[in-house]
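Spelled out, the chains give:
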Amino acid sequence: MKKFMTILALFLVIGTMAQTANNGWKKIYRETAAKINDLVHTKLDARFDYNKSYLNGKVWITLKPHFYATDSLLLDAKGMNIHAVELVGAGKNTKLSYTYDSLFLSIKLNKVYQKDEKYTIYIDYTAKPDEFKTEGSAAITDAKGLYFINPKGEDKKKPSQIWTQGETEGTSVWVPTIDRPNQKCTNEFNLTVPAKYVTLSNGKLVSQTTNSDGTRTDSWKMELPHSPYLFFIGVGDFAVVKDVYKGKEVNYYVEKDYEKVAHKIFGLTPEMMQFFSEKVTGIEYPWNKYSQIVGREFVSGAMENTTATLHQESAQQDARQLVDENNWEGTIAHELFHQWFGDYVTAESWSNITVNESFADYSELLWLEYKYGADAAGFEQFKEMQNYLGSGSAAKDLVRFYYSNKEDVFDQVSYQKGGRILHMLRNYVGDKAFFASLNKYLTTNKFGNGSAHKLRLAFEEVTGKDLNWFFNQWYFGNGHPKLEINYAYDSVEHMANVYVKQTQSGDKIFRLPMAIDVYYGAQKKRHQVWANNKIDTFSFAAPSKPDLINVDGDKVILSDKRDTKTLAEFIHQYTYAGKYLDRREALDFASKKMADPAAYQLHIKALGDPFDRIRAKAIQGLTLAKLDAAALSKLEWIAKNDSHRLVRAEAIDLLSKTNDKNYKDLYLAATKDSSYSVAGAGLVALSTLDSVLAFKMANEMSMQPSKGRLTAAISNVIIQFGDESAFDYIISNFTSMPLSQEKFGTVTTVADFLAKITDQKKFEKGVDEIVKFRDDIPGQSKVQTDPYINNMILKGLATKKEKAGAKAMADYVNSKIPVKK
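Now for a look at the structure at hand. Every value quoted in this text rests on a predicted model; they were computed, and no experiment measured them.

1. Some thoughts on the overall build of the chain
Helix and strand counts for the chain stand at 25 helices and 29 strands. Taking all 821 residues of the chain together, the buried fraction comes to 56%. Long-range contacts, defined here as pairs at least 24 residues apart, represent 68% of the contacts in the chain between residues at least 6 apart. Counting only carbon and sulfur atoms, one obtains 51% of the accessible surface of the chain, whose full area is about 33,800 Å².

So this is what it looks like as structure tokens:
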């Protein structure tokens with residue numbers, strides 16, 4: 001699963017998610033689920049009641065005792081009506097006695113069954129997902145398993161869809177099963193749906209039957225075993241765009257408005273399949289097809305259902321968005337790689353979820369490295385390391401045998417930290433051994449379950465190295481090193497000294513293999529060392545003071561780092577060390593020294609860097625600098641000509657701060673660019689020179705489709721320079737946005753606009769939309785978002801109205817803020 005902490009992510013820098021006040025869970029060891037019965041096959045006949053949001057199901061579940069003989073069966077079955085439970089016999093079913101408590105279906109079998117003796121249970125039931133109340137997590141914001149989206153078609157702007165989300169244990173809301181990740185079975189689903197809709201499920205579509213009542217029954221068959229949480233059903237009015245990989249079906253299910261751009265969004269999938277098969281795992285894509293479907297109001301970023309990945313609607317980008325970049329490419333790679341790490345070999349327990357998620361997280365870096373080069377991979381490494389370091393999650397083990405709720409393990413530790421740990425492991429054992437070890441792990445555990453222990457054994461068998469120290473430190477421990485790096489040169493002894501101090505709190509000392517590179521000009525000599533102590537000193541013979549000593553030359557160590565290099569040394573690092581992070585670190589340091597001409601010149605030099613992220617970083621670093629004519633000339637060229645639209649937008653932003661009217665034509669031209677980012681930057685820049693024209697253009701643009709930065713620019717210009725006549729546009733735009741971080745970021749702008757409104761009814765409608773957004777934020781995220789919206793947004797708006805003498809409006813806002821009890 002690709003998680004998107006769309007709302008909560010804004011708050012992770014100030015603390016981790018609130019945990020239950022009851023700490024009893026700290027004493028509960030979360031073991032791998034015991035196997036009494038093994039799933040063998042699941043056959044489901046499903047019909048859907050769109051009026052009630054029910055699934056009417058008949059299921060045949062074939063099982064066998066795992067080892068010990070048994071006369072009973074316990075199934076997960078959440079919130080259902082159970083109509084019949086029977087044992088399937090030769091020509092006749094036998095009713096079985098059972099008890100049901102709305103969560104578990106306990107069945108008394110007709111006899112004692114021995115190991116490997118198969119039996120089949122038939123259950124007639126009704127699933128009622130909307131009536132089952134449960135909570136999700138930061139990664140999975142709801143957990144009712146089966147979702148009916150606009151089932152009655154009452155919202156004419158929204159399609160009617162059905163989709164499922166099984167992870168962690170949501171499948172048992174819509175079909176009885178043993179809902180544990182260490183269970184695996186084959187399945188066949190017969191889905192009866194309105195004939196106007198298409199369906200998607202696991203495996204291949206083997207038949208379609210048109211029924212006399214206006215429905216159609218699609219039969220899907222999955223012939224290889226996988227875990228119940230990976231079962232999937234999707235139904236809706238989708239365009240199915242076809243592709244292929246080595247003769248296997250590759251399909252993209254999108255809303256019909258996006259049919260023409262589906263290949264631009266998902267079209268790299270076959271190349272990814274080949275890359276992961278041949279270059280990474282050494283195992284050909286193991287399933288018989290691969291489809292991807294986009295669902296409205298999906299409760300996470302995406303989900304790797306076997307052969308049938310489900311993406312949230314943000315995956316659907318129009319042609320202008322794709323001019324900027326395909327911001328879903330990493331997610332596409334992430335979910336595809338799960339078909340090996342997660343589906344082919346599945347974590348045996350939620351405690352071990354990182355052997356699914358860290359690999360999927362790391363696959364994004366592997367893909368970027370292969371497709372776009374080392375700099376793109378370096379940016380991914382930096383971004384995801386910062387995501388973890390800023391999460392406040394250092395106290396959590398990577399493999400977590402103690403947790404309050406199984407949903408809690410879907411976090412920056414299991415994902416981003418795990419991915420960075422894999423990067424260190426790859427660097428330590430070498431590429432050839434790393435990829436051979438992945439192959440060993442997958443081959444040994446295929447169609448079964450994996451764990452961190454099994455992963456260690458695979459690496460040890462391939463490399464011949466004892467890796468207990470690495471896994472104990474990183475997988476079965478917590479935290480990360482905080483490093484303080486100092487340097488000294490002894491001109492008498494001709495020795496260069498490096499001091500690496502671990503400053504993290506507590507007694508834990510990390511064992512860190514690392515490269516230290518010593519530079520004279522462009523010449524580099526590498527020294528491989530180990531940091532094992534609170535303070536380590538490394539000394540190297542040096543005829544003169546080196547131009548640069550670069551600790552962690554490969555830039556792989558997961559750490560908080562304070563490096564005491566000088567500006568001159570960082571400039572040398574930018575020029576000769578070469579990696580993305582080398583150059584970024586140099587610019588970060590230089591941006592704090594902009595009064596120094598050398599720091600300024602480094603930024604000017606970086607405007608011509610071959611990597612777009614570095615060029616953008618250089619532009620951002622020049623924000624507070626006094627720009628000379630040469631710099632302005634370069635920025636103007638970038639604004640007009642850079643190959644990456646996001647860099648052009650950054651240059652326009654910086655030029656706009658000059659208030660130079662000579663750039664007006666440049667800004668006007670930018671507003672007509674095919675890139676939303678460039679057009680949005682151009683409109684905001686134009687408003688600094690000619691607010692009347694910018695306001696006129698914003699109103700004209702508001703009549704046309706827009707997304708992303710252009711939508712924000714239109715709203716901001718209209719709010720800043722317009723009046724309440726723009727109310728319908730501002731509020732309808734806000735209302736139509738999906739629940740997302742982007743919408744959260746818009747709340748302040750909407751509240752600022754409402755402060756201008758004088759019409760009571762319009763004002764109340766606008767406040768109601770903010771309140772509805774607040775109330776729609778699910779689960780644990782509300783712990784952080786509700787106080788912000790109530791105290792910062794709504795109370796701030798009420799205060800403005802009180803000062804303006806609009807008491808009725810202030811009272812209305814205050815009535816929407818819950819009173820603390």
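Having seen the model, we can carry on.
2. Digging into the nonpolar core
Taken as a class, soluble globular proteins show a tendency for nonpolar side chains to be buried jointly. Among the nonpolar cores identified, the biggest contains 88 residues, and Phe276, Trp340, Phe470, Trp474, Tyr475, Val498 and Ile516 are the most heavily contacted of them. Other than its neighbours up to four places away in sequence, Trp340 contacts Met273, Phe276, Ser277, Thr281, Ile283, Glu284, Tyr285, Pro286, Val345 and Leu442. One finds Leu587, Tyr667, Leu683 and Leu686 within the second-largest nonpolar core, a separate group that totals 87 residues.

3. Notes on the sheet that holds strand E27 (residues 535-541)
Taking strand neighbours across the sheet as the criterion, the four strands line up as E27-E24-E23-E29 in an open arrangement whose pairing is mixed. Each edge of the sheet is formed by a strand with only one pairing partner; in this case those strands are E27 and strand E29 (560-563). Across the sheet, the mean angle separating the axes of adjacent strands is 20° when strand polarity is ignored.

4. Observations regarding the packing of helix H12 (residues 580-591) against helix H14 (residues 612-621)
With their axes 10 Å apart at the nearest point, H12 and H14 run at an angle of 5° to one another. Comparing the axis directions of H12 and H14 gives the class roughly parallel. Facing H12, whose interface residues are Tyr580, Arg583, Arg584, Leu587, Asp588 and Ser591, H14 presents Arg613, Ile614, Lys617, Ala618 and Gly621. Each residue belonging to the contact of H12 with H14 can be placed in one class, and the counts come to four nonpolar, two polar and five charged.

5. Concerning the layout of surface pockets
In this structure, the second largest pocket encloses a volume near 480 Å³. For the lining of the second largest pocket, a count of residues per class yields ten nonpolar, two polar and nine charged.

6. A word on the side chain of Ser351
For Ser351, the position within the fold is in the loop between strand E21 (345-347) and helix H5 (354-372). For Ser351, a relative accessible area of 1% gives the class buried. Within polar-contact distance, the side chain of Ser351 engages the backbone oxygen of Arg400 at 2.8 Å. Excluding residues within four positions of it along the chain, Ser351 makes contact with Arg30, Leu398, Val399, Arg400, Phe401 and Tyr403.

7. Considerations on the sheet that holds strand E28 (residues 548-551)
In space, the three strands of this open sheet follow the order E26-E25-E28, with antiparallel pairing throughout. If you trace the sheet from one side to the other, it starts and ends with strand E26 (523-531) and E28, each paired once. Across this sheet, the average inter-strand angle for adjacent strands is 20°, counted without regard to direction. Two strands pair when backbone bridges link them, and strand E25 (residues 512-520) and E26 are joined in this way by nine bridges, in the antiparallel orientation. Note that in E26 the partner of Asp517 across the bridge is Arg526.

8. Points about the packing of aromatic side chains
The description of two aromatic rings rests on the distance between their centres and on the angle between their planes. In this structure the tally under the stated criterion is 48 aromatic pairs. Ring centres 5.3 Å apart and planes at 45° place the aromatic pair Phe275 and Phe276 in the tilted group. Judged on exposure class, the residue Phe275 and its partner Phe276 are both buried. Through successive ring pairs, a cluster of aromatic residues spans Phe275, Phe276, Tyr285, Tyr290, Phe337, Trp340, Phe341, Phe359, Trp367, Tyr370 and Tyr441. Above the ring of Trp60, the side-chain terminus of Lys43 is found at 5.2 Å from the ring centroid. For the cation-ring pair, Lys743 lies above Phe734, with the distance from its terminal atom to the ring centre recorded as 4.8 Å.

9. Overview of the pairing of strand E11 (residues 185-194)
The buried fraction of E11 is high, at eight of ten residues. Sheet analysis places strand E1 (residues 37-49) next to E11, joined by seven bridges and oriented parallel. Across the sheet, Asp45 pairs through a bridge with Asn190, a residue of E11. Taken together, the nine bridges between E11 and strand E14 (residues 215-226) define a ladder with antiparallel strand orientation.

10. Comments concerning the pairing of strand E24 (residues 495-502)
One ladder, built from eight bridges, connects strand E23 (residues 482-490) with E24; its direction is antiparallel. Across the sheet, the residue bridging to Glu484 is Lys501, located in E24. Counted between consecutive antiparallel strands, the loop separating E23 from E24 contains four residues, among which His494 sits at a positive phi close to 55°. With seven bridges connecting them, E24 and E27 associate as antiparallel partners. Looking across to E27, one finds that Lys501 is bridged to Ile535.

11. Overview of the packing of helix H16 (residues 645-656) against helix H17 (residues 664-671)
At a minimum axis separation of 11 Å, H16 and H17 run at an interaxial angle of 145°. When the axes of H16 and H17 are compared, the crossing they make is left-handed. The residues of H17 that touch H16, namely those facing Ile652, Leu655 and Ser656, are Leu666, Tyr667 and Ala670. Of the residues that constitute the contact of H16 with H17, the class distribution is five nonpolar, one polar and no charged.

12. Topic: H17
Of the positions making up H17, those classed as buried are Leu666, Tyr667, Leu668, Ala670 and Thr671. Against the buried residues of H17 lie helix H15 (629-641), H16, helix H18 (676-689) and helix H19 (691-701).

13. Looking at the pattern of salt bridges
In a structure, side chains of opposite charge can pair up when their charged atoms sit close to one another. Inspection of every chain in the model, using the stated rule, returns 53 salt bridges. The shortest N-O distance in the salt bridge between Glu284 and Lys246 comes to 3.0 Å. With Glu284 in the loop between helix H2 (269-281) and strand E18 (289-295) and Lys246 in the loop between strand E16 (238-245) and strand E17 (248-255), this pair connects stretches of sequence that are 38 residues apart. Glu636 is paired through a salt bridge with Lys640; the nearest N and O atoms lie 3.1 Å apart. Residue Glu636 and its partner Lys640 are located together in helix H15, separated by four residues, close to a single helical turn. Judged by its relative accessible area of 45%, Lys640 is partly exposed.

14. A short note on helix H13 (residues 597-606)
When we look at burial in H13, the residues that qualify are Ala599, Tyr600, Leu602, His603, Ile604 and Ala606. Against helix H11 (567-577), H12, H14 and H15 lie the buried residues of H13. N-capping of H13 is provided by Asp596, with a side-chain oxygen placed 2.9 Å from the backbone N of Ala598.

15. Structural notes on a nonpolar patch on the surface
Together, Leu74, Leu103 and Phe104 give the surface a local cluster of nonpolar side chains, amounting to about 250 Å² of exposed area. Examined against the element boundaries, Phe104 turns out to sit in strand E7 (residues 104-113).

16. Observations concerning the side chain of Thr217
With respect to the helices and strands, the residue Thr217 is situated in strand E14. Separated by 3.1 Å, the side chains of Thr217 and Asn211 make a polar contact. Apart from residues lying up to four places away in sequence, Thr217 is in contact with Asn190, Leu191, Thr192, Ser207, Gln208, Thr209 and Asn211.

17. A short note on the environment of Lys279
Tracing the backbone through its elements, the reader meets Lys279 in helix H2. Between the C-alpha atom of Lys279 and that of Leu366, which follows or precedes it by 87 residues, the distance is 9.9 Å. In contact with Lys279, other than residues within four places in its own chain, are Gln274 and Phe435.

18. Comments concerning the environment of Ile82
Structurally, the position occupied by Ile82 is in strand E4 (residues 80-88). The sequence separation of Ile82 and Tyr344 amounts to 262 residues, and the corresponding C-alpha distance is 32 Å. The residues touching Ile82, leaving out its near neighbours within four places in the chain, are Tyr98, Tyr100, Leu105, Ile123, Asp124 and Tyr125.

Conventions and cut-offs
- Residues numbered from 1 in each chain as written.
- Predicted model: local features only at pLDDT ≥ 70, side-chain atom pairs only at ≥ 80, totals over all residues.
- Heavy atoms only, no water.
- Helix = DSSP H or I, 4+ residues; strand = E, 2+ residues; numbered from the N terminus.
- Buried < 20%, exposed > 50% of the residue type's maximum accessible area, 1.4 Å probe, protein only.
- Contact = heavy atoms within 4.5 Å.
- Areas by Shrake-Rupley, 256 points an atom, 1.4 Å probe, with all protein chains shown as cover.
- Core = buried A, V, L, I, M, F, W, Y, C linked by side-chain atoms within 4.5 Å.
- Pairing = 2+ DSSP bridges.
- Axes fitted to C-alpha atoms, helices over the stretch in contact; angles between N-to-C directions.
- Parallel < 35°, antiparallel > 145°, perpendicular 65-115°, else oblique.
- Nonpolar A, V, L, I, M, F, W, Y, C, P; charged D, E, K, R; others polar.
- 1 Å grid on protein atoms, 1.4 Å probe; cavity = no way out; pocket = protein on both sides within 12 Å on 5 of 7 lines; lining within 4 Å.
- Points joined across faces, edges and corners; volume = space filled by probe spheres on them.
- Polar contact = N/O pair within 3.5 Å; in protein donor to acceptor, adjacent residues only side chain to side chain.
- Phe/Tyr/Trp six-rings, centres within 6.5 Å; stacked < 30°, edge-to-face > 60°.
- Lys NZ or Arg CZ within 6 Å of the ring centre and 35° of its normal.
- Left-handed = near helix turned anticlockwise from the far one by under 90°.
- Salt bridge = Lys/Arg side-chain N within 4 Å of Asp/Glu carboxyl O.
- Patch = residues over 30% accessible without salt bridge, like charges linked within 9 Å, V, L, I, M, F, W, Y side chains within 5 Å.

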